[in-house]
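# Summary of the model geometry
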Amino acid sequence: AGSDEFVAEDVSFRNGDRIVEGTVFAPAGQGTGRPGIVLVPGAGEGLSREIYQPHAEAFARAGIVALAYDKRTTADGYSPFEASITDLADDAIAGVRLLRDRPDVDPDLVGVHGHSEGGWTVAVAGVRSPDVSFVVASAASALPPEQTQVWMNRTQLRHAGVGESLLWPLGENL
């Protein structure tokens, strides 16, 4: 699958006992020494790689081999309330290893890109593995996940018209 500009290839890779399904988008034609990037999903259970397909295609058109993969589901141990950023980071690191092993990719130029919760995930992946050459965090919070969630709850309640006296207790307990 793909176009004149890129080729899309479905892949599977392992993170421990978990098999991760994804798609690699590579520039069309033969080539070696290309950079690679793993697109790490943001918040939400079971986000499909198709969400990141436009980004992966754009990277491939720019000469970068991109991997988009399916995020964990509840069956894989993911819960939006008790997500293990470490488990998610290990999925991303496994994706980095997949790209590093490709003959068209320079193994020293493979990094990770994450949006929102993915921004926390890629930061952890970058610290956990020397195989991660670079980290791109988009719309990531500088606060821990728990504090960010409380802020978001209170902001959404305020926009919904909830009074100040209820913002603090409701925002904390949602």
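Refer to the preceding data block for the structure.
Here is a short report on the structure shown in this document. (Residues numbered from 1 in each chain as written. Predicted model: local features only at pLDDT ≥ 70, side-chain atom pairs only at ≥ 80, totals over all residues. Heavy atoms only, no water.)

## Some thoughts on the packing of helix α2 (residues 85–100) against helix α3 (residues 117–128)
Close contact between α2 and α3 brings their axes to 8 Å; oriented N to C, the two are set at 70 degrees. Judged on the interaxial angle alone, α3 and α2 are roughly perpendicular. For α2 against α3, the interelement crossing comes out right-handed. Every residue of α3 that contacts α2 at I85, T86, L88, A89, D90, A92 and I93 is listed here: E117, W120, T121, V124, A125 and R128. Residue composition of the contact of α2 with α3, by class: eight nonpolar, two polar and three charged. (Axes fitted to C-alpha atoms, helices over the stretch in contact; angles between N-to-C directions. Helix = DSSP H or I, 4+ residues; strand = E, 2+ residues; numbered from the N terminus. Parallel < 35°, antiparallel > 145°, perpendicular 65-115°, else oblique. Left-handed = near helix turned anticlockwise from the far one by under 90°. Contact = heavy atoms within 4.5 Å. Nonpolar A, V, L, I, M, F, W, Y, C, P; charged D, E, K, R; others polar.)

## Focus on the packing of aromatic side chains
Per the stated rule, a full pass over the model turns up two aromatic pairs. A centroid spacing of 6.0 Å and a plane angle of 85 degrees characterise the contact between F13 and Y69, whose relative ring orientation is edge-to-face. With a gap of 56 residues between them, F13 in strand β1 (residues 6–15) and Y69 in strand β4 (residues 65–69) connect regions that are remote in the sequence. Per residue, the accessibility class of F13 equals that of Y69, and both read buried. (Phe/Tyr/Trp six-rings, centres within 6.5 Å; stacked < 30°, edge-to-face > 60°. Buried < 20%, exposed > 50% of the residue type's maximum accessible area, 1.4 Å probe, protein only.)

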